[in-house]
Structures are given as C-alpha cells and as structure tokens.
Amino acid sequence: MDIKHKIQLIWGTALILMGIGVFFRVNTVIEQMAAAYDLDTGLYFFRFSFYLIAVILIGGGVKKIHKFWPLNK
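Residues numbered from 1 in each chain as written. Predicted model: local features only at pLDDT ≥ 70, side-chain atom pairs only at ≥ 80, totals over all residues. Heavy atoms only, no water.

## A word on the packing of aromatic side chains
In total, this model carries 3 aromatic pairs according to the counting rule given. Residues Phe23 and Phe24 carry aromatic rings whose centres are separated by 5.6 Å and whose planes lie at 80° to one another, so their mutual orientation is edge-to-face. Look at Phe23 and you get partly exposed, because its relative accessible area is 41%. Residue Phe24 is classed as exposed on the basis of its relative accessible area of 65%. Aromatic side chains Phe45 and Phe46 sit 6.2 Å apart centroid to centroid with 55° between the ring planes, which places their arrangement in the tilted category. A relative accessible area of 29% places Phe46 in the partly exposed class. An aromatic cluster is present here, built from Phe23, Phe24 and Tyr51 joined pairwise through their rings. (Phe/Tyr/Trp six-rings, centres within 6.5 Å; stacked < 30°, edge-to-face > 60°. Buried < 20%, exposed > 50% of the residue type's maximum accessible area, 1.4 Å probe, protein only.)

Okay, here's the thing in structure tokens:
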C-alpha cells in the first residue's frame with residue numbers, strides 16, 4: 001500500500017469521525033443558537049441541515065474508505 005492509499009484511508013476515517021461528532025453535537029449547538037439569537041422559528045430547518053451535513057460527512061468517509069480499502073485492489 002503506497003502513501004496515497006494511506007492518506008486517503010486516514011482522510012476517510014477523519015470524515016467519518018467528524019460526521020459522528022457533528023451528529024452528537026447538533027442538540028447542543030441548536031440550543032445555543034436558540035438562546036443566543038432568540039430563534040423560535042426555523043430550528044427544525046437548522047436541525048435538519050446539521051443532520052444532513054453529518055450524514056454527508058459519514059457517507060463521504062465510507063465511500064472514500066471503500067474505494068481505497070486494500071482488500072478491494
């Protein structure tokens with residue numbers, strides 16, 4: 001396995017970890033946004049947007065790991 005494959009596997013793992021981090025952090029961030037900006041409307045849209053970002057990060061990481069996994073070559 002060359003250096004390019006190792007970097008891509010590390011990058012894919014980082015994407016998955018960041019997606020999981022965003023997924024678990026959404027509720028705290030939404031509460032802070034609601035308190036700081038006095039938002040009552042649109043919180044569901046923000047919540048949906050953050051969860052969508054988490055899913056995209058996790059999906060991108062899984063795709064990258066699947067593409068560069070050493071057993072697939």
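## With respect to a nonpolar patch on the surface
Together, Leu17, Ile20, Phe23 and Phe24 give the surface a local cluster of nonpolar side chains, amounting to about 440 Å² of exposed area. As for its position among the elements, Phe24 is in helix α1 (residues 3-37). (Patch = residues over 30% accessible without salt bridge, like charges linked within 9 Å, V, L, I, M, F, W, Y side chains within 5 Å. Areas by Shrake-Rupley, 256 points an atom, 1.4 Å probe, with all protein chains shown as cover. Salt bridge = Lys/Arg side-chain N within 4 Å of Asp/Glu carboxyl O. Helix = DSSP H or I, 4+ residues; strand = E, 2+ residues; numbered from the N terminus.)

## Comments concerning the side chain of Gln8
Inspection of the secondary structure puts Gln8 in helix α1. A relative accessible area of 17% means that Gln8 is categorised as buried. For Gln8, the contacting residues outside a window of four places in its chain are Lys64 and Phe68. (Contact = heavy atoms within 4.5 Å.)

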